[in-house]
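# Tertiary structure, described
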Amino acid sequence: LTYQGDRFWEPNREGLLEELKIAIAKSFEWGWELVTSLREREEWDTDIWRVIFRAWQEIPMDEVQWQRVIEFLKVQSELYPLNRNEIADFLLHGIKRGEGRIPLTLLPDAEKVAESLWNLLEIDREEIVDTDDWLIKAINHPGGKVTEFYLHALSERRTEFILSLI
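Residues numbered from 1 in each chain as written. Predicted model: local features only at pLDDT ≥ 70, side-chain atom pairs only at ≥ 80, totals over all residues. Heavy atoms only, no water.

## Here we look at unusual backbone geometry
We apply this condition: Helix and strand definitions follow DSSP, with helices as H or I runs of at least four residues and strands as E runs of at least two, each counted in order from the N terminus. Think of it in three bands: with a 1.4 Å probe and only protein chains considered, a residue is buried below 20% of the maximum accessible area for its type, exposed above 50%, and partly exposed in between.
Within the chain, E42 stands out as a residue other than glycine whose phi angle is a positive 55°. With respect to the helices and strands, E42 occurs in the loop between helix 2 (28-40) and helix 3 (48-58). Take E42: its relative accessible area is 59%, and that puts it in the exposed class.

## Examining helix 5 (residues 80-96)
Applied cut-off: Here the bend at a residue is taken as the angle between two axes, fitted respectively to the seven residues that end there and the seven that start there.
Most pronounced at E86, the bend in helix 5 amounts to some 40°. Across the 17 residues that make up helix 5, a large majority, twelve, are buried. The complete set of buried residues in helix 5 reads Y80, N83, R84, E86, I87, A88, D89, F90, L91, L92, G94 and I95.

## Looking at a nonpolar patch on the surface
Convention followed: Surface patches are drawn from residues lacking salt bridges whose relative accessible area is over 30%; two like charges belong together within 9 Å, two nonpolar side chains (Val, Leu, Ile, Met, Phe, Trp, Tyr) within 5 Å. Reported accessibility uses the Shrake-Rupley method at a 1.4 Å probe radius. Residues are deemed covered only where the shown protein chains occlude them. For this document, the term salt bridge refers to a Lys or Arg side-chain nitrogen within 4 Å of an Asp or Glu carboxyl oxygen.
Together, F161, I162, L163, L165 and I166 line one region of the surface with nonpolar side chains, adding up to about 580 Å² of accessible area. Given a relative accessible area of 36%, I162 falls into the partly exposed group.

## A closer look at the side chain of E86
This is how the line gets drawn: Within 3.5 Å is the distance limit for a polar contact, defined as a pair of N or O atoms, with the added protein rule that one can donate a hydrogen and the other accept it, and that residues adjacent in sequence qualify only through two side-chain atoms. Contact criterion: two residues are considered in contact whenever any of their non-hydrogen atoms come within 4.5 Å of each other.
Relative to the elements of secondary structure, E86 occurs in helix 5. Side-chain polar atoms of E86 contact the side chain of R54, separated by 3.4 Å. Sequence-distant contacts of E86, that is, excluding residues within four places in its chain, are made with R50, F53 and R54.

## Side note on the nonpolar core
Rules: The term nonpolar core refers to a set of buried residues drawn from Ala, Val, Leu, Ile, Met, Phe, Trp, Tyr and Cys, joined through side-chain atoms within 4.5 Å.
Of all hydrophobic cores here, the largest spans 41 residues; its most connected members are W49, I52, W56, L73, L79 and I87. Contact partners of I52, with chain neighbours within four places excluded, come to I24, L34, V35 and L38.

## Section: the packing of aromatic side chains
The following threshold applies: In summary, the pairing rule links any two rings of Phe, Tyr or Trp, Trp by its six-membered ring, whose centres are within 6.5 Å, and it sorts them by plane angle into stacked for under 30 degrees, edge-to-face for over 60 and tilted for everything else.
A full pass over the atoms with the stated rule returns twelve aromatic pairs. Measuring from centroid to centroid gives 5.9 Å for F28 and W32, while their planes differ by 15°, and the two rings are stacked. Of this pair, F28 and W32 both sit in helix 2, four residues apart, which is roughly one turn of that helix. Both residues of the pair, F28 and W32, belong to the buried class. Each ring, one from F53 and one from F90, has its centre 6.0 Å from the other, and the planes form 50°; the classification is tilted. Here F53 is found in helix 3, whereas its partner F90 is found in helix 5, with 37 residues between them in sequence. Judged by its relative accessible area of 0%, F53 falls in the buried class. Site record: aromatic cluster; members linked through ring pairs are F28, W32, W44, W49, F53, W56, W66, F72 and F90.

## As for the pattern of salt bridges
Inspection of the entire model under this criterion finds eleven salt bridges. The shortest N-O distance in the salt bridge between E29 and R68 comes to 2.8 Å. Taken together, the residues E29 in helix 2 and R68 in helix 4 (residues 63-75) connect sequence positions 39 residues apart. The network of salt bridges with shared partners includes E71, K74 and D109.

## Remarks on the environment of W44
Examined against the element boundaries, W44 turns out to sit in the loop between helix 2 and helix 3. Here W44 falls in the buried class, since its relative accessible area comes to 14%. The sequence separation of W44 and Y80 amounts to 36 residues, and the corresponding C-alpha distance is 9.1 Å. Beyond its immediate stretch of four places on either side in the chain, W44 contacts R39, W49, F72, Q76, E78, L79, L82 and N83.

Okay, structure coming up:
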C-alpha cells in the first residue's frame, strides 16, 4: 500500500502496480483475495483499485465472478469518488466484450451500479477536458462511458426480446 521505491535502481510504484495488474489478470481468485484484504482494511483511496479494475477489464469472467464483482460494487460506493473513470470503463468493457461479458441475468444489477455512479457524477460535476470536440469530451468522461454502457445494455435487452419472439 505504501511502497514508492526510493532509489534509482529499484522498481518504482508504477512498476509495482503493473506487476499487480498482470497477477490479477492471470488469477481472478488471487485478485479477489486482494480485494477482500483491501475491503477488510477499509483501504478505499489506494491506487491499487485502479489497477484491479483495469486488470478485470482484460479477462473474460464467468457468471459467478461477475456476480461477485457486481455485488461488491453495489455495496462499496466508497470506491466511486476516486475510481469513477475505472468503474465506468470496467462496466463498458464488460458489456461490450464477446466472450466473458456481463451475463444478461446480472444486467439489472450492473445497471444499478451504473446508476449509482451516474448519481455521483451528477453531484460532482467534475471538470471536463477543455476541447471544442464535444464527442471527445463525451466518450472520455465517466458520464459518457456510463451512457454508452446503458446503450449497449439496451441493445442486449432488445436482442434478447427479439430472440424470445422467434
